[in-house]
Amino acid sequence: MAAERGAAAEALVGQVVLPGDLLLLPAHYDEDAEGERLRLSAGTAPQGQLLCGPGLRRSGAGLLVTKCGLLRHRPAGGGAYWVDSQQKRYVPVKGDHVIGIVTAKAGDVFRLDVGGSEPASLSYLAFEGATKRNRPNVQVGDLIYGQFVVANKDMEPEMVCIDSSGKSSGMGIIGQDGFLFKVSLGLIRKLLAPKCEIIQELSQLYPFELVLGMNGRIWVKAKTVQQTLIIVNILEACEYMTAQQRKQALAKLSGN
Amino acid sequence: MAGEVKTKLSKNLLRMKFMQRGLDLQTKKQLEEEEKKIISEEHWYLDVPDLKEKESCIIEERSFLQCEDLVYGRMSFKGFNPEIEKLMIKMNSKCKEEEIEEDDKMEADVSDEEMARRYETLVGTIGKKFLRKRDQRVLKDDDEDDEVEEGKSNTRPNKRAKKMFLKPQD
């Protein structure tokens, strides 16, 4: 089969791309044309390096698409391209904040289930203010909010509950009560977008607390069980509701 | 006879530090090069041309965090958990700090001209405070000169009178 000639990356931003599509980049990113790289291009050439995000791979002439979804672009800071795809199965990535469930205690290390192919390990010293004498009070079945420090396909993922300066900054054991449920990864990213309408509308309803893990898990806690379940149902359903349907549902609830 | 025969010193002895203090730079360099040659001949190396790594401008990244601007995952609303609400403000303002730096400078309350005028007088008044006594006197005289130019002050003629020798009257 003859190789398809790729299309320019800039032309496909915001459109559906399929695995196997080749995206051509402007000449100043081309590795092969080293002599041409110094040529000043007419348009503004972004300084710095191009970020090739999830769903894309670097191949000789440009970027190769590996997942189907919408192509997104961010022009700031050297530029970034990535594919906005939908999936339910989480693959551990370094730096992601996730909710894990403690499944076992093995000596100095806790085993957490994060929804990936392997259980992650969390050392008991990776909590704020933990020393050998002062161990954190973690039991099997507890929920933990932490971030990955090692996450690649060759090794078992490792998590910690402190950041680089040694502070917990919100990570650690998630408190008592509340409700944990699973949604797709795309919804999580939508909810974590800077000005998410869903979150803003929900925050007008009742006082509640919310923890979003990048592995698709959400933990909700409100004052009564009924309120908690209402919020859970809305979050699960809002993935497939249009904005208007959502507003109607919320109006009904706040009327009640 | 003793002067003719020079005892031959071994190479190791010559390599010692106290023997090298008297040497010239050139001889030192020569010795160093010889040593390097000995070492490099012993080392094994691959007789293969160097692979030039192409400088790539593209970084591969598997995390969405670097691509999109995502908010912190823990949230609390309507005062359910005050600590988390404080944390939310802190974490989200960290991201916004970068935006604020780019903002243009704010409008000044005081215009530049007024600033310059005030500053002129300010420097003078505060500067006087730190003058030494002699300088203060000079300043005072200068001020008096400026103010009273027509009628000379009384002190001056009196001083002159004092300086001159008064002849005693017979």
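Structure's up top.
All residue numbers refer to position in the chain's written sequence, counted from 1. Labels are handed out in written order, letters beginning with A for the chains and numbers beginning with 1 for the ligands. Selection of residues for local features in this predicted model requires a pLDDT of at least 70, selection of side-chain atom pairs for listing and counting requires 80 or more, and totals for whole chains, interfaces and linings are taken over all residues. Hydrogen atoms and water are omitted, and side-chain values are computed over all heavy atoms in the structure.

A. Region of the structure containing the nonpolar core. Ranked by size, the top nonpolar core spans 66 residues in total, and within it Leu122(A), Leu191(A), Leu202(A), Leu210(A), Ile218(A), Val220(A) and Leu235(A) carry the most contacts. Helix and strand labels come from DSSP, where a helix needs a run of H or I of at least four residues and a strand needs a run of E of at least two; each type is numbered from the N terminus. Tallying contributions element by element places helix H4 (residues 225-237) of chain A first for this core, with 5 residues. Here, nonpolar core refers to any group of buried Ala, Val, Leu, Ile, Met, Phe, Trp, Tyr and Cys residues whose side-chain atoms link them within 4.5 Å. Accessibility here uses a 1.4 Å probe with only protein chains present; expressed as a share of the type maximum, an area under 20% marks a residue as buried, one over 50% as exposed, and anything in between as partly exposed. Among the nonpolar cores identified, the runner-up in size contains 14 residues, and Val17(A), Leu25(A), Tyr81(A) and Ile58(B) belong to it.

B. Representation of the pairing of strand E17 (residues 217-222) of chain A within the structure. Residue and element names in this part refer to chain A. When you tally the buried positions in E17, you get 5 out of 6 residues, the bulk of the element. At least two DSSP bridges between two strands are required for those strands to pair. Two strands pair when backbone bridges link them, and strand E15 (residues 179-182) and E17 are joined in this way by 4 bridges, in the antiparallel orientation. What sits directly across from Phe179, in E17, is Val220. In this structure, strand E16 (residues 208-212) lies alongside E17, joined through 5 bridges in antiparallel fashion. If you follow Glu209 over to E17, its bridge partner there is Lys221.

C. Focus on the interface of chain A and chain B. Of the residues lining the interface, 53 residues belong to chain A; the matching set on chain B comes to 30 residues. Reported buried area values correspond to the accessible surface (1.4 Å probe) lost by two parts on association, with both partners' losses combined. Together chain A and chain B conceal approximately 3900 Å² of surface at their shared face, both sides included; 59% is due to carbon and sulfur atoms. For chain A, the biggest contributors to the area lost against chain B are Arg58(A), Leu192(A) and Glu209(A); these three give 14% of the whole. The salt bridge definition used is simple: a Lys or Arg side-chain nitrogen within 4 Å of an Asp or Glu carboxyl oxygen. One can count 2 salt bridges joining chain A with chain B. When the shortest N-O distance is used, the salt bridge between Glu209(A) and Arg74(B) registers 3.6 Å. Each polar contact in these results corresponds to two N or O atoms within 3.5 Å; when the atoms are within protein, one needs to be able to donate a hydrogen and the other to accept it, and residues that are neighboring in sequence are counted only if both atoms are side-chain atoms. Our enumeration of links across chain A and chain B arrives at 17 residue pairs in polar contact (both at pLDDT 80 or more). Broken down by secondary-structure element, the contributors of at least two residues to the side of chain A that touches chain B are helix H1 (34-37), strand E4 (50-52), strand E5 (56-59), strand E8 (80-84), helix H2 (185-191), helix H3 (197-203), E16 and E17 of chain A. Here the element with the most residues in the side of chain A that touches chain B is E16(A); it accounts for 5 residues. Each residue is assigned to one of three groups, with Ala, Val, Leu, Ile, Met, Phe, Trp, Tyr, Cys and Pro labelled nonpolar, Asp, Glu, Lys and Arg labelled charged, and all others, Gly among them, labelled polar. Across the side of chain A that touches chain B, the residue classes break down as 30 nonpolar, 10 polar and 13 charged. When checking whether two residues touch, look at their non-hydrogen atoms; a contact exists if any pair is within 4.5 Å.

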